[in-house]
Amino acid sequence: MATQHPLPAVVTVEETGSTQQDLLAAAVDEQRWPHLSGIRALRQTSGRGRAGRTWETDRLAALTVSLVLRPALPVQRWPWLPLLTGVAVVDALAAAGAPAALKWPNDVVLPARSEAPGWGRRRKAGGILAEVLPGGRGVVVGLGLNLDGEPPVAWATTLAAHGCRVPAEDLLDAVRARLSTLLASDPDGWREVVAQRCVTIGARVRVQLPGGREAGGTAVGLDEVGALVVEDADGGRTAVTAGDVEHLRTAPEGR
């Protein structure tokens, strides 16, 4: 039987502005910050999301952590890293009894009884941000996951609201263990692994693209680098690599 090596440490701090910013600065030191090490904050005052968005968390109300990933992969496969992080979160939550899913490209969602504009019958429980380290020495992925308390916006939710009260430390351990396994698996299977957990696929969507452009249609799948493939009414297809995705109807049951 192969020996299971322990994962490197995650440093926990009482409070910081942004674990993402802290780790981007620190992780240039590859010896001190190896693959899957990271920084967790009990309270974060200037969390960073996609498109420059910022957010704040009360103490212990969220799991806020950034991890450095240095997988033995060609750079062309790095776009899969935030998606695989999302899979690791979804799978860890499933093991804890929470029926989570992915909303492309970076949201962890939980089911809801009513529709919300842009979200269907889902609510955001967490988000993921990935940024490349200076010099291409790896990728820092940040995770913010709402554990308890009042949701920050109307289209958000918490794990506690779904009866899931797994300790943050246990959840983080499960996420890192699952992510380690995924990154060591055959990359040819990643597209299917992500697609199986992504409720955006099969939904009718509108995508706000960078530069103010827009694409709309049905999300029919992922391409070889994890881009969302959107088919319009005329059968034309667009591979979306970045953008805000609105769900115009609830994805089919069972996804």
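I will try to describe carefully the structure that is included in this document. Just so we're clear, the structure is a prediction, and the values are computed from it rather than from any experiment. (Residues numbered from 1 in each chain as written. Predicted model: local features only at pLDDT ≥ 70, side-chain atom pairs only at ≥ 80, totals over all residues. Heavy atoms only, no water.)

### Topic: the nonpolar core
Within soluble globular proteins, side chains that are nonpolar generally end up buried alongside one another.
Here is step 1 of the chain: Counting 56 residues, the largest nonpolar core has Leu63, Leu93, Leu145 and Leu171 as its most contacted members.
Here is step 2 of the chain: Broken down by element, this core gets its largest block of residues, 10 residues, from helix α2 (residues 80-95).
Here is step 3 of the chain: Other than its neighbours up to four places away in sequence, Leu93 contacts Ala98, Ala100, Val108, Leu145, Leu159 and Leu171. (Core = buried A, V, L, I, M, F, W, Y, C linked by side-chain atoms within 4.5 Å. Buried < 20%, exposed > 50% of the residue type's maximum accessible area, 1.4 Å probe, protein only. Helix = DSSP H or I, 4+ residues; strand = E, 2+ residues; numbered from the N terminus. Contact = heavy atoms within 4.5 Å.)

### With respect to unusual backbone geometry
Here is step 1 of the chain: For the bond from Trp104 to Pro105, the omega torsion is 5°, close enough to zero to count as cis.
Here is step 2 of the chain: Residue placement: Pro105 occurs in the loop between β6 (101-103) and β7 (107-116).

### Considering the side chain of Thr200
Here is step 1 of the chain: Here Thr200 lies in the loop between α4 (190-197) and β10 (204-208).
Here is step 2 of the chain: Apart from the residues lying within four places of it in its own chain, the contact partners of Thr200 are Leu102, Lys103, Trp104, Val205, Ala219, Leu228, Val245 and His247.

### Some details on helix α1 (residues 19-26)
Here is step 1 of the chain: Taken as a whole, α1 has its buried residues at Thr19, Gln20, Leu23 and Leu24. Along the axis of α1, the buried residues cluster in a sector spanning 130°; they form a single face.
Here is step 2 of the chain: The backbone nitrogen of Gln20 lies 3.3 Å from a side-chain oxygen of the residue at the head of α1, namely Ser18. (Arc of directions from axis to C-beta. Polar contact = N/O pair within 3.5 Å; in protein donor to acceptor, adjacent residues only side chain to side chain.)

### Some words on the packing of α2 against helix α3 (residues 168-183)
Here is step 1 of the chain: One can describe the packing of α2 onto α3 by two numbers: an axis separation of 8 Å at closest approach and a directional angle of 130°. Classified by the angle their axes make, α2 and α3 are oblique. Crossing of α2 against α3: the hand is right-handed. Where α2 approaches α3, its residues Leu81, Leu84, Thr85, Val87, Ala88, Val89, Asp91, Ala92 and Leu93 are matched on the opposing element by Leu171, Ala174, Val175, Arg178, Leu179, Leu182 and Leu183.
Here is step 2 of the chain: Grouping the constituent residues of the contact of α2 with α3 by class yields 13 nonpolar, 1 polar and 2 charged. (Axes fitted to C-alpha atoms, helices over the stretch in contact; angles between N-to-C directions. Parallel < 35°, antiparallel > 145°, perpendicular 65-115°, else oblique. Left-handed = near helix turned anticlockwise from the far one by under 90°. Nonpolar A, V, L, I, M, F, W, Y, C, P; charged D, E, K, R; others polar.)

### Comments concerning the pairing of β10
Here is step 1 of the chain: Burial of β10 is one-sided: the residues Val205 and Val207 facing one way are buried, the residues Arg204, Arg206 and Gln208 facing the other way are not.
Here is step 2 of the chain: With 5 bridges joining them, β10 and strand β11 (residues 214-222) adopt antiparallel strand pairing. Following the sheet pairing, Arg204 is matched in β11 by Thr218.
Here is step 3 of the chain: Pairing between β10 and strand β14 (residues 244-247): 4 bridges, direction antiparallel. Across the sheet, Val207 pairs through a bridge with Val245, a residue of β14. (Pairing = 2+ DSSP bridges.)

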